[in-house]
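# Reading the structure
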Amino acid sequence: MTSPAPSVALRPLTLGPHQVWPPVVLAPMAGITNVGFRQLCREQGGGIYVCEMITTVALVERNPKTLRMIAFGADERPRSLQLYGTDPEITAAAVRIVVEKNLADHIDLNFGCPVPKVTRKGGGSALPWRRRLFARLVRAAVDAAAPAGVPVTVKMRKGIDDDHLTYVEAGLAAQDAGVAAVALHGRTAAQRYSGTADWDAIATLKQALDVPVLGNGDIWEADDALRMVAHTGVDGVVIGRGCLGRPWLFADLEAAFDGRPERRLPSLGEVAQTMRRHAELLVDQFTAGSRTPARGERDGCTDFRKHVAWYLKGFPVGSELRRDLAMIESLAQLDDLLGKLDPTEPFPVATLGQPRGRTNSPGKVFLPDGWLASRDDDTVPEGAELADSGG
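Per an unreviewed UniProt entry, the protein goes by tRNA-dihydrouridine synthase and derives from Micromonospora palomenae.

And the structure:
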């Protein structure tokens, strides 16, 4: 178990006209942060819940899949959308579409993706190294959003690797461009999701900027968020892998930032109820976009399968039942299988504070030829735009 969390005093997070309490942001995660999952998390506690990443070129070209992904609940406010792009002109065009069509209330720009298919083209976490291009792109987005009063934020990593750090310079450039806030994942692209997040780097960025700074990395429990705030002085936190299979983390975060001690340790029966609610929301989402209810139910259940292992982590559930739950095709089948779980089984406290979701080893960051040679080359990387949204 970790040491007791300190008490912290924070104000609501201000993003343009939006006052956000608690100061918590759900990070966009490909294949995860769709309408159904965001609603499930919003039912637990307040904050900003960001949809899956949308690529600027796909939005500008009106890609049907991308347009379907830009969906929000009727009561979802502020509506938060993350854009990925590498071309300032295309990014500005995408932002203008967002504001003219009233597609979102907040725009975040992705400069944190460490995936090789992105960095080898100069995108994601590789792009801030080209500081002039980075500044141009951020300013283009801010200027395009300004007439509608839509705040723009950026999310980034420390840099490419320990020898090519960019986060302070990029944060200052983003601030100069007029962003509402900067979020930092305390890892380099080379670290991917390995090792320990560098909270000292987040503290350094907070000291360097006047705009709000959000910290991301190794927040597995609500008390981790309090420790991050105490250690770094950040204005809020970004939650990614920590909420996988644990949407009630947002209830704990709300309690923590309100100064309340309660934390949820749901029994297996309560987890089963949450699993059922999650699957139901996904079925509703997919049914709304499907020609037939049967197809919507099957697609929603299929989408739910990836969450089963996260929900059951640490619980004594047999491999056969786990496998069957990860192969469901209907809500009736899910109900039958959930009924075989022991509802009295207590929460496995040994899993508290443990990493969730993807983990991997550090690795080489693939970059375009000559990428590191010039920091001031603002040429748009060839082929760096992604045609498909979601990551």
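That shown, we press on.
### Some details on the overall build of the protein
Check the secondary structure of the protein and you find 15 helices and eleven strands. Computed over its C-alpha atoms, the radius of gyration of the protein comes to 21 Å, within 12% of the 21 Å expected for a compact globule of 391 residues. Taking the principal axes of its C-alpha atoms as reference, the protein extends roughly 60 × 50 × 40 Å. Sorting the 391 residues of the protein into buried and exposed places 56% on the buried side.

### Some points on helix H12 (residues 293-304)
Compared with the 16 Å implied by 1.5 Å per residue over twelve residues, the 16 Å span of H12 between its first and last C-alpha is a close match. Regarding H12, the residues found buried are Gly296, Gly300, Cys301, Asp303 and Phe304. Here the buried residues of H12 occupy an arc of 160° about the axis, which is enough to place them on one side.

### Regarding the nonpolar core
Ranked by size, the top nonpolar core spans 71 residues in total, and within it Leu109 and Val138 carry the most contacts. Broken down by element, this core gets its largest block of residues, nine residues, from helix H6 (residues 131-145). Setting aside residues up to four positions removed in sequence, Val138 forms contacts with Leu109, Phe111, Val154, Ala174, Ala177 and Val179. Judged by nonpolar contacts, the second largest core, of 26 residues, contains Leu40, Cys301, Phe315 and Leu337.

### Structural notes on the packing of aromatic side chains
Tallied over the entire structure, the rule returns six aromatic pairs. Their ring planes at 70° and their centres at 5.1 Å tell us that Tyr49 and Phe250 sit as a pair that is edge-to-face. Here the residue Tyr49 occupies a position in strand E4 (residues 48-49), and Phe250 occupies one in helix H10 (residues 249-257), the gap between them amounting to 201 residues. By relative accessible area, which is 3% here, Tyr49 ends up buried. With a relative accessible area of 1%, Phe250 lands in the buried category. Positioned over the ring face of Phe366 is Arg120, at 4.9 Å from the centre of the ring.

### Regarding the packing of helix H7 (residues 167-177) against helix H8 (residues 199-208)
Running from amino to carboxyl end, H7 crosses H8 at an angle of 35°, the nearest separation of the two axes being 10 Å. Here H7 runs over H8; the crossing is right-handed. For the pair formed by H7 and H8, the contact residues are Tyr167, Val168, Gly171 and Leu172 on the first element and Ala201, Thr204, Leu205 and Ala208 on the second. Residue composition of the contact of H7 with H8, by class: six nonpolar, two polar and no charged.

### Re the UniProt feature "binding site: FMN" (unreviewed entry) in the protein
Mapped onto the present numbering, the UniProt feature "binding site: FMN" (unreviewed entry) falls on Pro28, Met29, Ala30, Gln82, Lys155, His185, Gly240 and Arg241. Within the secondary structure, Pro28 is located in the loop between strand E3 (24-26) and helix H1 (35-42). Once residues within four sequence positions are removed from consideration, Pro28 is found in contact with Thr33, Val50, Cys51, Glu52, Met53 and Gln82. Those residues in contact with His185, other than ones at most four positions away along the chain, are Lys155, Met156, Arg157, Lys158, Tyr193, Asn216 and Gly217.

### Comments concerning the sheet that holds E4
Pairing is parallel in the open sheet, where nine strands are placed in the order E4-E3-E11-E10-E9-E8-E7-E6-E5. The outermost strands of the open sheet, each flanked by one partner alone, are E4 and strand E5 (54-55). In terms of strand pairing, strand E7 (residues 106-111) meets strand E8 (residues 152-157) through five bridges, oriented parallel. Note that in E8 the partner of Asn110 across the bridge is Lys155.

### Some details on the domain arrangement of the protein
If you check the domain split of the protein, you get domain 1 (13-258) and domain 2 (268-344). The centre of domain 1, based on its C-alpha atoms, is set 29 Å off from the matching centre of domain 2. Contacts between the two partners involve 13 residues from domain 1 and, on the opposite side, twelve residues from domain 2. For the interface between domain 1 and domain 2, the tally reads one salt bridge. Linking Glu43 and Arg277 is a salt bridge whose minimum nitrogen-to-oxygen distance equals 2.5 Å.

### Considering the UniProt feature "active site" (unreviewed entry) in the protein
The UniProt feature table records "active site" (unreviewed entry) at Cys113. Residue placement: Cys113 occurs in the loop between E7 and helix H5 (116-119). Using a relative accessible area of 16% as the deciding quantity, one classes Cys113 as buried. Leaving out residues up to four positions away in the same chain, Cys113 has contacts with Val118, Thr119, Gly124 and Ser125.

### Quick notes on unusual backbone geometry
Residue Pro22 follows Trp21 across a cis peptide bond; omega there is -5°. Looking at the secondary structure, you find Pro22 in the loop between strand E2 (18-20) and E3. The amide bond that connects Arg77 to the next residue, Pro78, takes the cis arrangement and shows omega of -10°. Mapped onto the secondary structure, Pro78 falls in the loop between helix H3 (64-69) and strand E6 (80-84). The phi torsion at Asn102 lies on the positive side, around 55°, for a residue other than glycine. On the secondary structure map, Asn102 appears in the loop between helix H4 (88-100) and E7. Positive phi, normally seen in glycine, also occurs at Arg192, with a value near 55°. Among the secondary structure elements, Arg192 is positioned in the loop between strand E9 (181-185) and H8.

About the criteria used
Residues numbered from 1 in each chain as written. Predicted model: local features only at pLDDT ≥ 70, side-chain atom pairs only at ≥ 80, totals over all residues. Heavy atoms only, no water. Helix = DSSP H or I, 4+ residues; strand = E, 2+ residues; numbered from the N terminus. Rg over C-alpha atoms; globule rule 2.2 N^0.38 Å. Buried < 20%, exposed > 50% of the residue type's maximum accessible area, 1.4 Å probe, protein only. Expected span 1.5 Å × (residues − 1). Arc of directions from axis to C-beta. Core = buried A, V, L, I, M, F, W, Y, C linked by side-chain atoms within 4.5 Å. Contact = heavy atoms within 4.5 Å. Phe/Tyr/Trp six-rings, centres within 6.5 Å; stacked < 30°, edge-to-face > 60°. Lys NZ or Arg CZ within 6 Å of the ring centre and 35° of its normal. Axes fitted to C-alpha atoms, helices over the stretch in contact; angles between N-to-C directions. Left-handed = near helix turned anticlockwise from the far one by under 90°. Nonpolar A, V, L, I, M, F, W, Y, C, P; charged D, E, K, R; others polar. UniProt positions renumbered as here; feature names shortened; annotations may be inferred. Pairing = 2+ DSSP bridges. Domains from an automatic or database assignment. Salt bridge = Lys/Arg side-chain N within 4 Å of Asp/Glu carboxyl O.

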